[in-house]
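# Fold and contact review
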Amino acid sequence: SNNDERSIFESIIERVKWTEEQCNNTPRNQRDSVKKALKVATDLPMLPEGGVAPALEKWLKENPPSSSTNSDYPTCHLPPPKSCNVATYTLVIMSHTTERLQTFMDPLIPMVDSWPGLTEIIIVWNSPREKLAELEQIADDNQRKYATQLLQWDEDASHPLRIFFSLDNGLANNLL
């Protein structure tokens, strides 16, 4: 099955390797150009160098594939397709700038018709409404096109997308 822990772990490891390749292909003079200090947010230890991939690789080596249904075999299970008798879900996306509209809107177009169970999309807009709604204020033609499309979807009662303007609802600079 493609949903067993081995295939999921292997997929994660492949994504980590791909990301490392992208980083290693950055020209030397552009590496380490961002200086950012990581602050510990919890009492949990930080991931080791390489993140979760080394731990997953170790687990794969220590737990060879088995067709056994033996209860001693350590098995991870994905959540069921239905949880709490609910078969639908809401996708929540946060944004605050028209510069990023294309990044999330291009994938949304095919998602709406092809993701089973996706019944609602909520865009939490964390900037003044005018930054999105006053189209003549958006200088970039491409950004204006995406803003127009987003506002049209919001107005269309048959489209699953809705915009929640957080500042209009008293949630200034709030990610919740």
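Our subject is the structure listed above.
I will try to describe carefully the structure that is included in this document. (Residues numbered from 1 in each chain as written. Predicted model: local features only at pLDDT ≥ 70, side-chain atom pairs only at ≥ 80, totals over all residues. Heavy atoms only, no water.)

It is worth spelling out the nonpolar core at this point. Buried together is how nonpolar side chains tend to be arranged in soluble globular proteins. Judged by nonpolar contacts, the single largest core of 20 residues is most densely connected at Leu101, Leu108, Ile123, Leu132, Leu150, Leu161 and Ile163. Of all the secondary-structure elements, those providing two or more residues to this core are α3 (101-114), β2 (118-125), α5 (141-155) and β3 (161-165). Discounting chain neighbours no more than four positions away, the residues touching Leu132 are Thr98, Leu101, Trp125, Ile138, Ala147, Leu150, Leu151, Ile163 and Phe165. Listed in part, the 6 residues of the second largest apolar core include Ile13, Ala53, Leu56 and Trp59. (Core = buried A, V, L, I, M, F, W, Y, C linked by side-chain atoms within 4.5 Å. Buried < 20%, exposed > 50% of the residue type's maximum accessible area, 1.4 Å probe, protein only. Helix = DSSP H or I, 4+ residues; strand = E, 2+ residues; numbered from the N terminus. Contact = heavy atoms within 4.5 Å.)

Moving on: the pairing of β3. Taking every second residue as pointing to the same face, the buried face of β3 carries Leu161, Ile163 and Phe165, while none of Arg162 and Phe164 on the other face is buried. Here β2 runs beside β3; their pairing, made up of 5 bridges, is parallel. In the strand pairing of β3, Trp125 is matched with Phe165. (Pairing = 2+ DSSP bridges.)

On to helix α1 (residues 5-24). An ideal rise of 1.5 Å per residue puts 28 Å on 20 residues; α1 measures up with 28 Å between its terminal C-alpha atoms. Every buried residue of α1 is accounted for by Glu5, Arg6, Phe9 and Ile13. Down the axis of α1, the buried side of the element spans an arc of 95°, and every buried residue falls inside it. Along α1, the residues that are exposed and aim more than 90 degrees away from the buried face are Arg15 and Trp18. In this structure, the buried residues of α1 make contact with α2 (53-62). (Expected span 1.5 Å × (residues − 1). Arc of directions from axis to C-beta.)

To continue, consider the packing of α3 against α5. At a minimum axis separation of 10 Å, α3 and α5 run at an interaxial angle of 50°. With respect to each other, α3 and α5 are oriented oblique. With respect to the hand of their crossing, α3 and α5 are arranged in left-handed fashion. Contacts from Leu101, Gln102, Met105, Asp106, Leu108 and Ile109 of α3 reach α5 at Asn142, Gln143, Tyr146, Ala147, Gln149, Leu150 and Trp153. (Axes fitted to C-alpha atoms, helices over the stretch in contact; angles between N-to-C directions. Parallel < 35°, antiparallel > 145°, perpendicular 65-115°, else oblique. Left-handed = near helix turned anticlockwise from the far one by under 90°.)

This brings us to the pattern of salt bridges. Across all of its chains, the model carries 4 salt bridges by this definition. The partner of Arg129 in a salt bridge is Asp168, and the shortest N-O contact between them spans 2.7 Å. Of this pair, Arg129 sits in the loop between β2 and α4 (130-133) while Asp168 sits in the segment after β3, and the two are 39 residues apart along the sequence. When its relative accessible area of 45% is taken as the criterion, Asp168 is described as partly exposed. Between Arg144 and Asp141 there is a salt bridge, and its shortest N-O distance comes to 2.2 Å. Residue Arg144 and its partner Asp141 are located together in helix α5, separated by 3 residues, close to a single helical turn. (Salt bridge = Lys/Arg side-chain N within 4 Å of Asp/Glu carboxyl O.)

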